Protein chains: 2
Amino acid sequence: MLYQGQWLELKEEFFKNDTDQLIRWETIHKHGSNVCVIIIARLLPSERLVLIRQFRPALNKIMLGFPAGMMDTDASIEEAALREFKEETGYIGQIENTSMPTNINGGIMNMQAYFIKVTVDETLPQNQTPIQELEMEEEIEVVLQHKSTLKQFLKSEYESGVDISSILWCMAETF
Amino acid sequence: MLYQGQWLELKEEFFKNDTDQLIRWETIHKHGSNVCVIIIARLLPSERLVLIRQFRPALNKIMLGFPAGMMDTDASIEEAALREFKEETGYIGQIENTSMPTNINGGIMNMQAYFIKVTVDETLPQNQTPIQELEMEEEIEVVLQHKSTLKQFLKSEYESGVDISSILWCMAETF
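Just so it is clear, the structure is predicted and the values come from calculations on it, not from any experiment.

Rules used throughout
Residues numbered from 1 in each chain as written. Chains lettered and ligands numbered in written order. Predicted model: local features only at pLDDT ≥ 70, side-chain atom pairs only at ≥ 80, totals over all residues. Heavy atoms only, no water. Helix = DSSP H or I, 4+ residues; strand = E, 2+ residues; numbered from the N terminus. Contact = heavy atoms within 4.5 Å. Buried area = accessible area lost by both parts, 1.4 Å probe. Salt bridge = Lys/Arg side-chain N within 4 Å of Asp/Glu carboxyl O. Polar contact = N/O pair within 3.5 Å; in protein donor to acceptor, adjacent residues only side chain to side chain. Core = buried A, V, L, I, M, F, W, Y, C linked by side-chain atoms within 4.5 Å. Buried < 20%, exposed > 50% of the residue type's maximum accessible area, 1.4 Å probe, protein only. Pairing = 2+ DSSP bridges. Least-squares fit on C-alpha atoms with pLDDT ≥ 70 in both. Expected span 1.5 Å × (residues − 1). Arc of directions from axis to C-beta.

K.L.:
So what exactly am I meant to see when it comes to the environment of A:L22 here?
P.N.:
If you trace the backbone, A:L22 turns up in strand β3 (residues 22-30). Once you skip the residues sitting within four places of it in the chain, A:L22 turns out to touch A:F14, A:F15 and A:K16.

K.L.:
How should I be thinking about the interface of chain B and chain A in this particular structure?
P.N.:
Interface size is commonly expressed as the accessible area that is lost once the parts come together. The partner chain A presents 59 residues to the 59 residues of chain B that form the contact. Together, the buried faces of chain B and chain A total about 5,800 Å²; carbon and sulfur atoms form 68% of this surface. The tally of links between chain B and chain A comes to 2 salt bridges. Ionic pairing is found between A:E173 and B:K117, a salt bridge with its closest N-O pair at 2.6 Å. Joining chain B to chain A, the criterion identifies 20 residue pairs in polar contact (both at pLDDT 80 or more).

K.L.:
I'm lost on the nonpolar core in this one. Help?
P.N.:
Here is a general trend for soluble globular proteins: nonpolar side chains tend to be buried in one another's company. Among the nonpolar cores identified, the biggest contains 60 residues, and A:L64, A:L154, B:L64 and B:L154 are the most heavily contacted of them. The contact partners of A:L64, leaving out residues within four places of it in the chain, are A:L51, A:I52, A:R53, A:V143, A:F153, A:L154, A:E157, A:V162, A:D163, A:I164, A:S165 and A:L168.

K.L.:
When you look at the pairing of strand β3 (residues 22-30) of chain B in this model, what are you seeing that I'm missing?
P.N.:
When a strand is regular, its side chains alternate between the sheet's two faces. All names here are of chain B. Judged from the 9 bridges that link them, strand β2 (residues 8-16) and β3 form a sheet pairing that is antiparallel. In the sheet register, E9 faces β3, and the bridge partner there is H29. Adjacent in sequence and paired antiparallel, β2 and β3 are bridged by 5 residues, among which D20 carries a positive phi angle near 70°.

K.L.:
Before we go on, may I ask you to explain the pairing of strand β4 (residues 35-44) of chain B in this structure?
P.N.:
Residues and elements named next belong to chain B. Counting buried positions along β4 gives 8 out of 10 residues, so the element sits mostly inside the fold. As judged from the 3 bridges shared by β4 and strand β7 (residues 68-70), these two strands associate in the antiparallel manner. Within β7, the residue paired with V37 across the bridge is G69. Alignment of β4 against strand β5 (residues 48-56), held across 2 bridges, turns out to be antiparallel. Bridging across to β5, R42 finds its partner in L49.

K.L.:
Is there a simple way to explain the relation of the copies chain B and chain A in this structure?
P.N.:
The two copies are related by a screw motion: chain B maps onto chain A through a turn of 180° and a shift of 0.0 Å along the axis, at an RMSD of 0.0 Å. Expressed as a symmetry operation, the mapping of one chain copy onto the other fits a two-fold axis. In this assembly, 100% of the residues forming the interface of chain B have copies in chain A that are likewise at the interface, indicating an isologous arrangement.

K.L.:
Teacher, can you tell me more about helix α1 (residues 77-89) of chain A here?
P.N.:
Residue pairs three or four apart in sequence face the same way in an α-helix, which turns once every 3.6 residues. Residues and elements named next belong to chain A. Spanning 13 residues, α1 covers 18 Å between terminal C-alpha atoms, matching the ideal 18 Å at 1.5 Å per step. What α1 keeps buried is the set I77, A80, A81, E84, F85, E87, E88 and T89. Looking straight down α1, one finds that the buried residues subtend no more than 165° of arc, so they occupy a single side. On its buried face, α1 sits against β4 (35-44), β5 (48-56), β7 (68-70), β8 (94-98), β10 (111-121) and β11 (140-146).

See below:
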């Protein structure tokens, strides 16, 4: 352990390579849960993706990305995803499927991410005027975008000064 | 600055929210360059993707992902990407296109990633017996996989104990 912050820790790790040399590496660990959910949600029948713009202190900029949050409860991954999604966007969704755990930035961090695909029935009364339930430190703007125009939209967002999440770009690029 | 490691720094940032409350946030910064290249390469004509398995100290496991590296030179992004790709896989590629900069894990880090699409002419003599040029701390195994079977392959890798990079899963899922 090099340093223990309130939420993050910086550690040094040592391992031996093929030729038995000792290698030193610096890694980041999150206190408590290191599991997050990334919510890939679309409204039906319009097929618009539910994205968020959020101020990110590490970048000192607004970033556009998918709704996401850390798992900090004993709830199932799906319950946690739907609750986080409701808090950040106001929409009430349904689980379509859940990925295996994957690793974000495994080169330096131990953060595990599940991708949760969610559908939102936009004809339901409760999804007509979605109301966010944000925490004090959250400022989140919901953005709806059809996937057919997503890549062009990301370019225009970036040109207007908004940072783009790698995961979102990656999905737009492969659609 | 909370702590300055050899490669990583842990910082605290303060910002005011909508209601003028001061919020504290912990963020990670990398010394020197914070720009990385992620190389999405395919062999032609076989259309196989070039992936790597690599031991990741932060996970204490092998992770499967795309070749990638930090930009630590004055070279162009494309030059750096082709050199990193040659070092990690032995293949000599050609640039197909370069993305705008995107942000990996912008919630806590300031790391910027460019996605570089690369093609490899597998009929060229120099690509018949590719030879890696690894650094002391790198142990990298090259894996070739057609995109039509990628998702199934990722599942079998995960079941055999290999971690999967979020970016790679995300691309497999949307193919």
